[in-house]
Amino acid sequence: MQSLSFNNNDKMPILGLGTWKADPGGVGKAVQEAVRIGYRHIDCAAIYGNEAEIGKALEEVMQTGLVKRDELWITSKLWNNAHAREEVSIALKKTLADLRLDYLDLYLIHWPVATRPEVIFPRKADDFFSLAEMPLNETWAGMEDCVENGLTKHIGVSNFSIKKIEELNSAKIRPEVNQIELHPYLQQEEMLNYCKKHNIYLTAYSPLGSGDRPEAMKAANEPSLLENSTVVNIAQAHGCKAAQVLLKWAIQRGTSVIPKSTNPDRLAENLDAANLKLSNQEMADLAKLERGFRYVNGEFWTMEGSPYTLTELWG
Ligand code: A2P
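Residues numbered from 1 in each chain as written. Predicted model: local features only at pLDDT ≥ 70, side-chain atom pairs only at ≥ 80, totals over all residues. Heavy atoms only, no water.

A. Inspection of helix α2 (residues 51–63) at higher detail. Here α2 is 13 residues long and its end C-alpha atoms lie 18 Å apart, about the 18 Å a rise of 1.5 Å per residue gives. Within α2 the residues assigned to the buried category are E51, I54, G55, A57, L58 and V61. Axial view of α2: buried residues confined to an arc of 165 degrees, hence all on one face. Considering only its buried residues, α2 is in contact with α1 (27–37), β5 (73–78) and α3 (85–99). Looking one or two residues beyond α2, the residue adopting positive phi is G65, at roughly 85 degrees. (Helix = DSSP H or I, 4+ residues; strand = E, 2+ residues; numbered from the N terminus. Expected span 1.5 Å × (residues − 1). Buried < 20%, exposed > 50% of the residue type's maximum accessible area, 1.4 Å probe, protein only. Arc of directions from axis to C-beta. Contact = heavy atoms within 4.5 Å.)

B. A look at the environment of C240. Tracing the backbone through its elements, the reader meets C240 in the loop between α7 (229–238) and α8 (242–252). Judged by its relative accessible area of 18%, C240 is buried. Each C-alpha atom of the pair C240 and D102 lies 39 Å from the other, and the pair is 138 residues apart in sequence. Not counting residues up to four positions away in its chain, the partners in contact with C240 are A235, V245 and L276.

C. Local environment of the layout of surface pockets. Its boundaries defined by the atoms lining it, the second largest pocket holds a volume of some 330 Å³. Forming the walls of the second largest pocket are 20 residues, and the residues nearest its centre are A46, W79, N81, A91 and K94. Counting residues per element, the ones that place at least two in the lining of the second largest pocket are α2, β5 and α3. The biggest single contributor to the lining of the second largest pocket is α3, with six residues. (1 Å grid on protein atoms, 1.4 Å probe; cavity = no way out; pocket = protein on both sides within 12 Å on 5 of 7 lines; lining within 4 Å. Points joined across faces, edges and corners; volume = space filled by probe spheres on them.)

D. Broad picture of the sheet that holds strand β10 (residues 177–181). Strand order in the open sheet made by the eight strands is β3-β4-β5-β6-β9-β10-β11-β12, with parallel pairing throughout. Edge positions in the sheet fall to β3 (17–18) and β12 (256–257), since each of these pairs with one other strand and no more. Across five bridges, β10 lies against strand β11 (residues 201–205) in parallel orientation. Within β11, the position partnered with E181 by the bridge is Y205. (Pairing = 2+ DSSP bridges.)

E. Expanded view of the packing of aromatic side chains. Counted under the stated rule, the structure contains 10 aromatic pairs. Look at W79 and F121: their rings are 5.9 Å apart centre to centre, the planes differ by 65 degrees, and that puts the pair in the edge-to-face class. Residue W79 is located in the loop between β5 and α3, and its partner F121 is located in the loop between β7 (114–115) and β8 (128–129); the two are separated by 42 residues in the primary sequence. Ring plane angle 80 degrees and centroid distance 4.8 Å describe the contact between F300 and W301, whose orientation is recorded as edge-to-face. (Phe/Tyr/Trp six-rings, centres within 6.5 Å; stacked < 30°, edge-to-face > 60°.)

Below, the structure written as structure tokens:
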């Protein structure tokens, strides 16, 4: 499996297993099956509510001798209600306890959005801290503390615009990864070029369009990636699945990609996408699908009176 190499020579496998929406009761089995067939990169987050089950599954799979800790790349993410500098390492220690690990490979600020400590999902304007009240530089200092204390090897961000990355101007450690929504309908070329120039890796989330999102997060008449005729025609030409075309598109652009599945056949299918080779013409045809469409548009942070707006969020 191809990987992305960091300054200290650590390597992140380019294709990982996404665990957002992987239900408790199924996620542990999916993680074990994934590791059994060759996945070595698992993408987690405290807010997904399934880290304890993933931790149990990882512990079991390591006890069998199938993999060692240093052969796995484990990412997790800091939730919005723990952005105060001193809260960051407390949140990471909870994640490590749930995952039954001593350290993470990568810890990300999940969103450039802060809420009060007691608020998991904001329902009203008062639930938020503005970024003036809770500056991202403070949160980032907490992330740096985690590296210094050996709780994580690498740190990065998620859902950050270029402007927000640039706002981390007091950083001693530069963000090494930005995990954002990326697929042929949202190609984010400017971000891709910016990150290449600044040695930041991109990880593509929702690469298949996250069709299993809660209905409340879906717009009417959303475009389907898996049924797009260009994607389907390329898949037919290769005798492969549409999902594999989408995943290989991400890999060929040099981004890592974290499709979620809890189904053994689709786990294998997704892993196998790494072996596909798309031609320049196919990449060019996929490039034409850009339409600036977000499946995860961040509207849940922009209720009336909220200090956050979509323009401010995405830049
Ligand atoms: P399942 O878990 O039943 O396999 P994303 O990674 O963009 O969030 O998309 C996840 C959604 O895509 C889930 O509904 C998942 O269902 C489905 N999915 C995962 N892999 C494939 C695949 N190879 N083909 C079709 N659907 C897939």
